Structure formats: C-alpha cells, structure tokens
Amino acid sequence: FTGYQAFKEAAGLGVVVFTGYQALIVKGGIKPGQKILILGGSGGTGTIGIQIAKHICGAYVATTCSERNIELVRNLGADRVINYREENWSEVL
C-alpha cells in the first residue's frame, strides 16, 4: 500500500466503529454475558462488532462466515463460529 491508499482505508474505519458502537452499546445495550449473533462476522462492520461485543461489552458472541474466515473471527473473539455454507444459523442457535 502507498501512504495514500492506507489513509483512505483508515479514513473509513471511524464510520465502521461508530456503527458498531451505536448498534451494540447505545441502541442494543449489550451487557456482560449476554448472547449475541453477528451475521457476516468477517466483513468490515462484523469484525468491529465482534471486538466491541466481546472485549468491551463482555458478551458471548456467535457469528457467521465462510470457512476461509473462521480463524480470523475466532482471533477477533468470536465464541461460536458458524460456517454459513455448511450450517443454517437459525437451526444451530
């Protein structure tokens, strides 16, 4: 990446973090130990949402992603990872 490309990517991070914060803390009122589901955990908003829910709110986090992103979302803090190509989250949870 050039400095300009990295700056453009970093500039968008504030919107993603604010979206996750608003949804989970301000509107959602997530509490420690509460169970939540984040659909699309390996996407931009999903990756931030997992971290906010797990590490700031202390929630139990379940998320969906494809097989290639399972390790990523686990490393971010997901407690339960559902491969949406192999499992139906509504049946698993």
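Note: the structure precedes this text.
A few points about helix α2 (residues 44–56)
Thinking step 1. In this model, α2 (13 residues) spans 18 Å end to end at C-alpha, consistent with the 18 Å of a helix rising 1.5 Å per residue.
Thinking step 2. Of all the residues in α2, the buried ones are Gly46, Thr47, Ile48, Gly49, Ile50, Ile52 and Ala53.
Thinking step 3. Just downstream of α2, Gly58 is the residue with a positive phi angle, here 75°.

A few points about the pairing of strand β1 (residues 35–38)
Thinking step 1. What you see with β1 is a clean split: Ile36 and Ile38 sit on the buried side and Lys35 and Leu37 on the side with no burial.
Thinking step 2. Each parallel crossover has a hand, and for β1 linked through α2 to strand β2 (residues 60–65) it is right-handed.

Description of the nonpolar core
Thinking step 1. Within the largest apolar cluster, 18 residues are counted, with the highest numbers of intra-cluster contacts made by Ile36 and Ile50.
Thinking step 2. Those elements that provide at least two residues to this core are α1 (3–27), β1, α2, β2 and α3 (70–76).
Thinking step 3. For this core, the element with the most residues is α2, which contributes four residues.
Thinking step 4. Apart from residues lying up to four places away in sequence, Ile36 is in contact with Leu24, Ile30, Ala53, Ala59, Tyr60, Val61 and Ala62.

Observations concerning the pairing of strand β3 (residues 80–83)
Thinking step 1. With four bridges joining them, β2 and β3 adopt parallel strand pairing. From the neighbouring strand, Ala62 faces β3, where its bridge partner is Arg80.

Things to note about the sheet that holds β2
Thinking step 1. Pairing is parallel in the open sheet, where three strands are placed in the order β1-β2-β3. The sheet is open, and its two edges are formed by β1 and β3, each paired on a single side. Averaged over all adjacent pairs, the angle separating strand axes in this sheet is 20°, with direction ignored.
Thinking step 2. Bridge analysis of β1 against β2 gives four bridges, and the strand direction is parallel. Bridging from a neighbouring strand, Leu37 pairs with Ala62 of β2.

Reading guide: rules and limits
Residues numbered from 1 in each chain as written. Predicted model: local features only at pLDDT ≥ 70, side-chain atom pairs only at ≥ 80, totals over all residues. Heavy atoms only, no water. Helix = DSSP H or I, 4+ residues; strand = E, 2+ residues; numbered from the N terminus. Expected span 1.5 Å × (residues − 1). Buried < 20%, exposed > 50% of the residue type's maximum accessible area, 1.4 Å probe, protein only. Right-handed = clockwise from strand over helix to strand, strands pointing away. Core = buried A, V, L, I, M, F, W, Y, C linked by side-chain atoms within 4.5 Å. Contact = heavy atoms within 4.5 Å. Pairing = 2+ DSSP bridges. Axes fitted to C-alpha atoms, helices over the stretch in contact; angles between N-to-C directions.

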